[in-house]
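Summary of structural features
Here is what each chain is made of, one letter per residue.
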Amino acid sequence: MSDTPAAADPVPALITALSGLLLRCCEGAAQPGDADQGRVLSRRLVEVGAPAEIIAVATGGVWAAYRPDGEIDDETLRAIVDVARLFLSLESFDGLVALASAALVLMARRGFTDDPGKDLLRAGQAAWELEHHALALAACQQALSTQTLGELDRARALTLVARITRAPDDLTRLDSARMAWSDEVGAAIDTRSLFPETGGDHRWADARDATIAGDRPRAAHLMAEVTRALRASSARDHSYLDGLVRAFEAMAGDDVNVPELRSGLIVVVRQLRQRQRFGNVPPAVRAALELVVLVLKCSTSEATGSVLCELLEALADAGMSEVTVLPSDAGPAEVEARLVEGAADFRLWPDLADCVAGLEGNFGFLCRRMGGGNSSAERWISLFIVPPTGVLIKDGPLGPEHVAVLDAFASGNHGFIGSVRQEQLEGLFGSLVHSDAVRRLRAEPRRGVVIVPEGPLWTVPWQAVPTLQTRRTSLVPSLTTYAGLHPLTTGVRSISALVDDQVDGADLLLDELMAARASGRLLVDFAPASLGRETDLLLILGHGLGEGLRFRLALPGGVLGAQEIATRSRSRTALVASCWSAKAPPVTIPLNLPVSLLVGGASCAVGGAWALPQRPTAELLAHCVRALAHGCSLHEALAAGRLAPLALADGWGLMATGRIPPWAAE
């Protein structure tokens, strides 16, 4: 791994960070602190000497989103709107298009433009080109509601809505509208892909049939043809289509051209990382990759199987394995954006042999959501790795009963999680992993499992799965990241303890810590300054909120952010008992507080994936401290604290991230 390179030009990262804030506001998903962060980022653009036009659009977007103190006069507003429109009409780079789209939507919604319907459509079309479908859909739907669009613009908005949703009601509305279109509008709007019976391209369906039949060369040949046609009609930079054409052509011969296949997929992965930096999963790229996976599965050769594993690992890593330093010279939103901006230049393709060797004999389990959506009901594909050479692959959608269980965990709601039964949790696990893998796990009950989850899978209490309860489990962003982690320490002798005594049950933990210190078994430092001292364990109990580096903890010494904790901590392991401290990381880069601590040098970090119940959590920590005082490692102490029967929602929300002990055949 190499150190994260410093960004030569701070402007692109600042634009990416501010775009993310404004896009969340457009979607009604603003987070606490976004308004302050927006103002800070706007000022930073001024400080670093960004072009005046960019500063203007940023200022207008932040003003429309959060209405900070001070007004903008009408003449200045008109000028800002004109600049935003100009950025959307030019071949601007993606970050600037995202910023201008979000700003224009926010200003149009507030009535600050002279033609809101047209401006919303402009922004929606630009967002569609960026594959930010949530913004594109919302903008076009609102544009239609203005009732001010001309015939051609209304046709464009209706078509784009139907293209995004594919919902029967939207398709029916479009079908009815196009019957009344003028010849000019009908010639300008192509709806053939939405209504194949009118002469649409049937090659996708033919390719699907060839895939089902296991005819890899024909399926790949047809997909290459259609993708090439899509590339020819694309207005903006869709370089991933070039990569897809290369990948499909590499699979279209009697033998797969593996080097060319890898080369094409690297192009796709790079574009995916570039587009994900705006906080969404590009549906078209993800759907295209699903097609690649399905074609790869038609081939049973060892080489194509390796490429499939490498592709899924590359998607999971998202550049995280190259991050070895968290900058401390900027706020969390800007730092995240810097890392995301650099991800396209970080390691794009993994070394599978290194990944497997890095497991140190433990099982590996990597699970990814395929397709273009974000629903738990999407198609999932999983790899179960049995070092040194075995891989078991399973793919398919989850059944309704398993979707309900996964959604309960993803909600973070104590009541929903508490209603999940152990057999339902085991059923969810069985639906994701190959049946032969389950048999292998049961045959080797002590062998650890390193899990690479995606999205809601970060919230599943894997250690509570009956098949996994007898072994060490850990979540990591990628197998490449795991292979580069610091070695695991065996025991805990010194603790930096930051405890909010207002948490219900905190007295139980404090009593146990003080008893361990009085007995001389543990060296415990309660001072806030102990965060920066070298210890075996950083132990935190407190209330928290947020995600990624924007996560914040309320403690007696003040509020601490994830970025500050990760950059100041010098502890070799960490246990952060706080709601949401191990929340599923943002799409942009798989970075939450525990992962941030790993970047800072910790070998293992435990955090809370849900809204943790106060007293049961404090009781569990007290049991852990007692076990630590008797020489247990952090993993052993957590297991000891869970020996007593615990409700699923009470005792299993603390998730371990990072190293687990190596495994050797018994």
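This text goes with the structure placed above it.
To start, this report covers the structure provided alongside it.

Cut-offs applied
- Residues numbered from 1 in each chain as written.
- Predicted model: local features only at pLDDT ≥ 70, side-chain atom pairs only at ≥ 80, totals over all residues.
- Heavy atoms only, no water.
- Helix = DSSP H or I, 4+ residues; strand = E, 2+ residues; numbered from the N terminus.
- Rg over C-alpha atoms; globule rule 2.2 N^0.38 Å.
- Buried < 20%, exposed > 50% of the residue type's maximum accessible area, 1.4 Å probe, protein only.
- Contact = heavy atoms within 4.5 Å.
- Areas by Shrake-Rupley, 256 points an atom, 1.4 Å probe, with all protein chains shown as cover.
- Lys, Arg positive; Asp, Glu negative; His and termini not counted.
- Charge placed at Lys NZ, Arg CZ, Asp CG, Glu CD.
- Phe/Tyr/Trp six-rings, centres within 6.5 Å; stacked < 30°, edge-to-face > 60°.
- Pairing = 2+ DSSP bridges.
- Axes fitted to C-alpha atoms, helices over the stretch in contact; angles between N-to-C directions.
- Polar contact = N/O pair within 3.5 Å; in protein donor to acceptor, adjacent residues only side chain to side chain.
- 1 Å grid on protein atoms, 1.4 Å probe; cavity = no way out; pocket = protein on both sides within 12 Å on 5 of 7 lines; lining within 4 Å.
- Points joined across faces, edges and corners; volume = space filled by probe spheres on them.
- Nonpolar A, V, L, I, M, F, W, Y, C, P; charged D, E, K, R; others polar.
- Core = buried A, V, L, I, M, F, W, Y, C linked by side-chain atoms within 4.5 Å.

**A look at the overall build of the protein chain**
Check the secondary structure of the protein chain and you find 29 helices and 14 strands. Over its C-alpha atoms the protein chain spans a radius of gyration of 26 Å, differing by no more than 12% from the 26 Å that the globule rule assigns to 666 residues. Viewed in the frame of its principal axes, the protein chain has a C-alpha envelope of about 85 × 65 × 45 Å. Counting only residues that meet the buried cut, the protein chain has 58% of its 666 residues in that class. For the protein chain, restricting intrachain contacts to residue pairs at least 6 apart in sequence, the fraction spanning at least 24 positions comes to 73%. Counting every atom, the protein chain has about 25600 Å² of accessible surface; 52% of that belongs to carbon and sulfur. In the protein chain, 61 positive and 78 negative side-chain charges are present, and the distance between their average locations comes to 3 Å.

**Section: the packing of aromatic side chains**
For the coordinates displayed, the defined rule picks out 6 aromatic pairs. When the ring of W63 is compared with that of F112, the centres are 4.8 Å apart and the planes differ by 35 degrees; the resulting orientation is tilted. Taken together, the residues W63 in helix α3 (residues 52-66) and F112 in the loop between α5 (94-109) and α6 (116-129) connect sequence positions 49 residues apart. Relative to W610, the ring of F409 lies with its centre 6.0 Å away and its plane at 10 degrees, an arrangement referred to as stacked.

**Let's talk about the sheet that holds strand β9 (residues 543-545)**
The 3 strands are arranged β9-β10-β11 in an open sheet whose pairing can be described as antiparallel. Edge strands, defined here as strands with exactly one partner in the open sheet, are β9 and β11 (558-561). Here the average twist between neighbouring strands, direction ignored, is 25 degrees. Sheet topology places strand β10 (residues 552-555) next to β11; 4 bridges connect them, and they run antiparallel. In the sheet register, A554 faces β11, and the bridge partner there is V559.

**Examining the pairing of strand β1 (residues 363-369)**
Most of β1 sits inside the fold, with 7 of its 7 residues counted as buried. With burial as the criterion, each face of β1 is covered, one bearing F363, F365, C367 and R369 and the other bearing G364, L366 and R368. As paired strands, β1 and strand β2 (residues 379-386) are joined by 6 bridges and run antiparallel to one another. Its bridge partner being in β2, G364 is matched across the sheet by I385.

**Description of unusual backbone geometry**
Following P387, the chain continues into P388 via a peptide bond in cis, with omega recorded as 10 degrees. Positionally, P388 belongs in the loop between β2 and β3 (390-397). Located in the positive-phi region is Q147, a residue other than glycine, with phi close to 60 degrees. By the element assignment, Q147 lies in the loop between α7 (133-145) and α8 (151-165). Of note, W580 is a non-glycine position whose phi angle comes to about 70 degrees, a positive value. W580 sits in the partly exposed class, given a relative accessible area of 21%.

**A short note on the side chain of R659**
Relative to the helices and strands, R659 is located in the segment after β14 (654-658). In this structure the side chain of R659 is engaged in a polar contact, spanning 3.5 Å, whose partner is the backbone oxygen of G358. Once residues lying within four places of it in the same chain are set aside, the contact partners of R659 are G358, E360, Y482, A483, L485, H486, L488, S603, C604 and H635.

**Thoughts on empty space enclosed by the protein**
Counted according to the given criterion, the structure contains 5 cavities of 30 Å³ or more. Roughly 80 Å³ of internal volume is contained in the largest cavity. Lining of the largest cavity is provided by V503, L541, G542, H543, A577, S578, C579, L612, P613, Q614 and T617. Split into classes, the residues belonging to the lining of the largest cavity amount to 6 nonpolar, 5 polar and no charged. By volume, the second largest cavity is sized at about 50 Å³. Lining of the second largest cavity is provided by L488, T489, G491, V492, T573, C604, S633, L634 and H635. Its residues placed into classes, the lining of the second largest cavity shows 4 nonpolar, 5 polar and no charged.

**Section: the nonpolar core**
Formed by 74 residues in total, the largest nonpolar core has its most connected members in L18, L22, L45, I54 and L99. Of the residues forming this core, the biggest block, 12 residues, is contributed by α5. What L18 contacts, discounting residues up to four positions off in sequence, is G38, L41, S42, L45, A58, V62 and L99. Formed by 71 residues, the second largest nonpolar core is a distinct cluster that contains L312, L348, V452 and A562.

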